[in-house]
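Read off the chains here:
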Amino acid sequence: MLTYATFFGVVFFWVQCMSTKKSGVVKLDAVEWLQTLNDESIDLVITDPPYESLEKHRKLGSTTRLKQSKSSSNQWFSIFPNSRFEDLFEQIYRVLKPNSHFYLMCDQETMFIVKPLAEAAGFRFWKPIVWDKCAIGMGYHYRARYEFILFFEKGKRKLTDLSVPDVLAYKRVWRGYPTEKPVALLEVLIKQSSLPKETVLDPFFGSGASLIAAKNLDRCYLGCDISEYAHQHFAQRTGL
């Protein structure tokens, strides 16, 4: 539960970041954090929640990305349940400026759950972008080589480069943070949907790849993650 002390601390952090156009991260529940942000104050949201279906894959043994595994030395994080996506999308829609984009990374099972919920919150769904990992992963029925990036829009905003395809091939990150995405992949999305000095937000920043991509492209970034390990990993990665 969000205490008064935490609330005012987050508000102070937010005012500092937005008034000085600086970047920063906080350790808090994603929805609770979003509730502290101003209406129509964010230019772009890109995020990769720890979706519920990953627990099913763990139990089936079709992923090594959970708990402690050979493919990653990092501990797994808490699952964000499907029942909370409605509140998450309501808050993301509220904080996004008019005429902005929202990218959500997920698997094929979660896509069917979240698409109608995001549309009900007010977003227009354009299409799933396919991230081709350039190498097969685990699985039983056709081994996984791709993930989806759901492309939503609030209002109407033109993409920077209309020649970019809907299949983006970037080699997956091996032995990194669980479900870590390549910085170069995220840079494509950020360049497509924002301008320098605008603010990119990630409420589940995990490995910090989205925040690093934003920084590389001269965007401000705001990130949240409830995992202490995520904050330690991001600090080690960036030296911040």
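Criteria and cut-off values
- Residues numbered from 1 in each chain as written.
- Predicted model: local features only at pLDDT ≥ 70, side-chain atom pairs only at ≥ 80, totals over all residues.
- Heavy atoms only, no water.
- Phe/Tyr/Trp six-rings, centres within 6.5 Å; stacked < 30°, edge-to-face > 60°.
- Helix = DSSP H or I, 4+ residues; strand = E, 2+ residues; numbered from the N terminus.
- Lys NZ or Arg CZ within 6 Å of the ring centre and 35° of its normal.
- 1 Å grid on protein atoms, 1.4 Å probe; cavity = no way out; pocket = protein on both sides within 12 Å on 5 of 7 lines; lining within 4 Å.
- Points joined across faces, edges and corners; volume = space filled by probe spheres on them.
- Nonpolar A, V, L, I, M, F, W, Y, C, P; charged D, E, K, R; others polar.
- Buried < 20%, exposed > 50% of the residue type's maximum accessible area, 1.4 Å probe, protein only.
- Pairing = 2+ DSSP bridges.

Peer 1: Could you give an account of the packing of aromatic side chains, with specific residues and numbers?
Peer 2: All told, the structure shown has 14 aromatic pairs when counted by the stated rule. On the numbers, 5.2 Å between centres and 45° between planes, the contact of Phe102 with Phe123 is tilted. Of this pair, Phe102 sits in strand 3 (residues 96-106) while Phe123 sits in the loop between helix 5 (108-120) and strand 4 (124-132), placing them 21 residues apart in sequence. Among the aromatic residues, those joined into a ring-pair cluster are Phe80, Phe85, Phe89, Tyr93, Phe102, Phe123, Phe125, Phe152 and Phe204. One Lys or Arg, Arg124, reaches over the ring of Trp126 and ends 3.9 Å from the middle of that ring. The residue whose ring lies beneath Lys154 is Tyr93, and the NZ or CZ to ring-centre distance is 4.6 Å.

Peer 1: Describe the layout of surface pockets, with residues and values.
Peer 2: The computed volume of the second largest pocket comes to approximately 370 Å³. As for the second largest pocket, its lining consists of 32 residues, of which Asp48, Pro50, Phe204, Phe205 and Asp225 are closest to the centre. For the lining of the second largest pocket, the secondary-structure elements that each account for two or more residues are strand 2 (42-47) and helix 7 (209-216). A breakdown of the residues in the lining of the second largest pocket according to their chemical character gives 18 nonpolar, seven polar and seven charged.

Peer 1: I'd like to hear about the pairing of strand 5 (residues 146-154), residue by residue, with values.
Peer 2: Of all the nine residues making up strand 5, eight are buried; the element is thus mostly covered by neighbouring parts of the structure. The sheet contact formed by strand 3 and strand 5 spans seven bridges and is antiparallel. Opposite Ser100, over in strand 5, you have Lys154 as the bridge partner. Pairing of strand 4 with strand 5 involves eight bridges; the strand directions are antiparallel. Bridging across to strand 5, Arg124 finds its partner in Glu153.

Spatial relationships are all this shows, so hold off on functional conclusions.
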